[in-house]
Amino acid sequence: MAKSVVVTGANGGIGLATVVELARHGYDVIGTVRSAEGADAVAAASAEAGVTARVVFCDVADPAGTETAFAEVAELTGGGPWALVNNAGYVQAGAVEDVPDEQARRQLEVNTLAPVRIARLVLPAMRARGDGRIVNVSSVAGRVTAPLMGWYCASKHALEALSDALRMEVAAFGIKVILIEPGGMNTAIWADGRDTLPVRDDTAYAAGYDRAEAVSKQSRWFPDPVWVARAIRLALANPLPMTRYLVGVDAVTGTVADTVVPTPLTDYVKAVSAGLRRLPVSLPSLPSLPSLPFRRS
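Residues numbered from 1 in each chain as written. Predicted model: local features only at pLDDT ≥ 70, side-chain atom pairs only at ≥ 80, totals over all residues. Heavy atoms only, no water.

**Side note on the overall build of the protein**
When helices and strands are tallied, the protein shows 10 helices and seven strands. Projected onto the principal axes, the alpha-carbon positions of the protein cover approximately 80 × 60 × 40 Å. Expressed as a percentage of contacts within the protein between residues at least 6 apart in sequence, the contacts between residues at least 24 apart total 71%. As presented, the protein carries roughly 15700 Å² of accessible surface, and 58% of it is formed by carbon and sulfur atoms. In the protein, the 28 positive side-chain charges and the 30 negative ones have mean positions that sit 10 Å from each other. (Helix = DSSP H or I, 4+ residues; strand = E, 2+ residues; numbered from the N terminus. Contact = heavy atoms within 4.5 Å. Areas by Shrake-Rupley, 256 points an atom, 1.4 Å probe, with all protein chains shown as cover. Lys, Arg positive; Asp, Glu negative; His and termini not counted. Charge placed at Lys NZ, Arg CZ, Asp CG, Glu CD.)

Next comes the structure, spelled out in structure tokens:
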């Protein structure tokens with residue numbers, strides 16, 4: 001019998017790529033979506049790939065609706081899924097002081113509280129079975145903080161801490177908790193994040209928002225999300241998975257740099273990259289080297 005896997009946020013990007021990738025490799029996949037359009041997207045991608053995947057309607061920000069949706073999942077999977085891939089999430093962009101409380105709460109609700117809430121719903125069946133996987137799709141932003149992304153980074157930092165605690169708590173029951181930490185991928189999250197930027201009428205960070213908007217429009221040059229889907233598949237297939245999977249050159253180099261480079265320097269580089277600071281107008285010239293004798297052959 002095929003192992004059942006639930007993938008939240010399956011309507012596009014990493015979620016949709018994961019649904020197709022796992023279904024192609026023999027898993028019984030159920031994707032959660034919020035709308036009929038999302039369900040159509042899953043059906044179209046599955047048909048194109050020649051695979052089968054089911055859908056359940058679920059808004060992860062709605063606790064009561066999530067409970068109802070996962071009761072349906074339990075019925076579809078004979079008690080509960082073997083694995084859960086917590087992928088649903090979004091980017092709340094903006095300087096820390098520019099993001100109002102309501103938007104900050106929603107960011108934490110969707111990116112941090114919802115994955116834990118869903119884990120709480122599937123853990124009893126996993127524990128009774130003595131086997132299960134919970135894969136939380138975090139981000140390199142869960143380890144490396146960027147300016148104008150403070151609330152998103154906070155939500156992912158918190159998800160990483162909760163995942164670490166949960167991993168230790170459920171290990172004795174045969175359940176493994178895994179973090180996936182992608183860098184920038186070619187998904188709609190960038191365009192969606194652009195839409196959450198605060199208005200520029202009364203802010204000290206207008207130049208940074210202009211830069212962020214310009215960068216977000218270049219996401220087509222980022223890697224395909226299928227690479228994240230493949231990392232998730234490897235994490236599910238491996239009997240001894242790693243606790244963390246960094247995906248993407250920028251994720252690896254960013255994490256290493258943030259670890260070994262002095263913080264004042266990384267702060268400055270990040271601020272320059274975000275359009276918040278400028279490089280010196282003129283850099284000091286290097287001293288001229290004495291001419292050295294050479295011999296022509």
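**Some points on the confidence of the model for the protein**
The predicted model of the protein has a mean per-residue pLDDT of 92, with 94% of residues at 70 or higher. Every residue in residues 288–297 scores below 50 in pLDDT, and together they form zero contacts with partners more than four places removed in sequence or on other chains. (pLDDT = per-residue confidence, 0-100.)

**A look at the sheet that holds strand β7 (residues 244–247)**
Spatial ordering of the open sheet is given by β3-β2-β1-β4-β5-β6-β7, a layout of seven strands whose pairing is parallel. Two strands in the sheet have a free side with no partner beyond their single neighbour: β3 (54–57) and β7. Going from strand to strand, the sheet's axes swing by 20 degrees on average, the running direction of each strand aside. By the bridge criterion, four bridges tie strand β1 (residues 4–7) to strand β2 (residues 28–33) in an arrangement that is parallel. Looking at β2, one finds that Val-5 is bridged to Val-29. (Pairing = 2+ DSSP bridges. Axes fitted to C-alpha atoms, helices over the stretch in contact; angles between N-to-C directions.)

**Structural notes on the environment of Gly-275**
By the element assignment, Gly-275 lies in the segment after α10 (263–273). For Gly-275, a relative accessible area of 19% puts it in the buried group. On a C-alpha basis, the gap between Gly-275 and Ala-212 in space is 8.1 Å, while along the polypeptide they are 63 residues apart. Apart from residues lying up to four places away in sequence, Gly-275 is in contact with Ala-207, Gly-208 and Arg-211. (Buried < 20%, exposed > 50% of the residue type's maximum accessible area, 1.4 Å probe, protein only.)

**Let's talk about helix α1 (residues 13–24)**
Its 12 residues place the ends of α1 17 Å apart at the C-alpha level, agreeing with the 16 Å of an ideal helix rising 1.5 Å per residue. Along α1, 10 of the 12 residues are buried, which leaves the element largely enclosed by surrounding structure. Those residues of α1 not exposed but buried are Ile-14, Gly-15, Leu-16, Ala-17, Thr-18, Val-19, Val-20, Glu-21, Leu-22 and Ala-23. Those residues of α1 that are buried lie in contact with β1, β2, α2 (36–49), β6 (175–182) and α8 (226–237). (Expected span 1.5 Å × (residues − 1).)

**So, the packing of aromatic side chains**
All chains considered together, the criterion is met by one aromatic pair. Here the aromatic rings of Tyr-27 and Trp-82 are separated by 6.4 Å at their centres, their planes lie at 15 degrees, and the arrangement is stacked. Here Tyr-27, found in the loop between α1 and β2, pairs with Trp-82, found in the loop between α3 (63–76) and β4 (83–86); they are 55 residues apart in sequence, far enough to count as distant. Owing to a relative accessible area of 13%, Tyr-27 belongs among the buried residues under this scheme. Sitting over the ring of Trp-82, Lys-3 keeps its end group 4.3 Å from the ring centre. (Phe/Tyr/Trp six-rings, centres within 6.5 Å; stacked < 30°, edge-to-face > 60°. Lys NZ or Arg CZ within 6 Å of the ring centre and 35° of its normal.)

**Some points on a nonpolar patch on the surface**
Nonpolar side chains collect at one region of the surface, where Leu-246, Val-252, Val-256 and Val-260 lie side by side and expose about 310 Å² of accessible area between them. Ranked by residues supplied to the nonpolar patch, first place goes to helix α9 (residues 249–260) with three residues. Position of Val-260 relative to the elements: it lies in helix α9. (Patch = residues over 30% accessible without salt bridge, like charges linked within 9 Å, V, L, I, M, F, W, Y side chains within 5 Å. Salt bridge = Lys/Arg side-chain N within 4 Å of Asp/Glu carboxyl O.)

**Here we look at the packing of α1 against α2**
Running from N to C, α1 and α2 cross one another at 40 degrees; their axes reach a closest spacing of 10 Å. Here α1 is positioned oblique relative to α2, judged by the angle of their axes. Both α1 and α2 take part in a crossing whose hand is right-handed. Where α1 abuts α2, its residues Leu-16, Val-19, Val-20 and Arg-24 lie against Ala-41, Val-42, Ala-45 and Ala-49. Residues that form the contact of α1 with α2 fall into these classes: seven nonpolar, no polar and one charged. (Parallel < 35°, antiparallel > 145°, perpendicular 65-115°, else oblique. Left-handed = near helix turned anticlockwise from the far one by under 90°. Nonpolar A, V, L, I, M, F, W, Y, C, P; charged D, E, K, R; others polar.)

**Points about the side chain of Thr-187**
With respect to the helices and strands, Thr-187 occurs in the loop between β6 and α6 (189–195). For Thr-187, a relative accessible area of 13% translates into the label buried. Leaving out residues up to four positions away in the same chain, Thr-187 has contacts with Gly-13, Ile-14, Ser-219 and Pro-225.

**Side note on the packing of α1 against α8**
With their axes 8 Å apart at the nearest point, α1 and α8 run at an angle of 50 degrees to one another. With respect to α8, the axis of α1 lies oblique. Both α1 and α8 take part in a crossing whose hand is right-handed. Counting all contacts with α1, which are made through Ile-14, Ala-17, Thr-18, Glu-21 and Leu-22, the residues of α8 involved are Val-226, Val-228, Ala-229, Arg-230, Ile-232, Arg-233 and Leu-236. Of the residues belonging to the contact of α1 with α8, the class tally is eight nonpolar, one polar and three charged.

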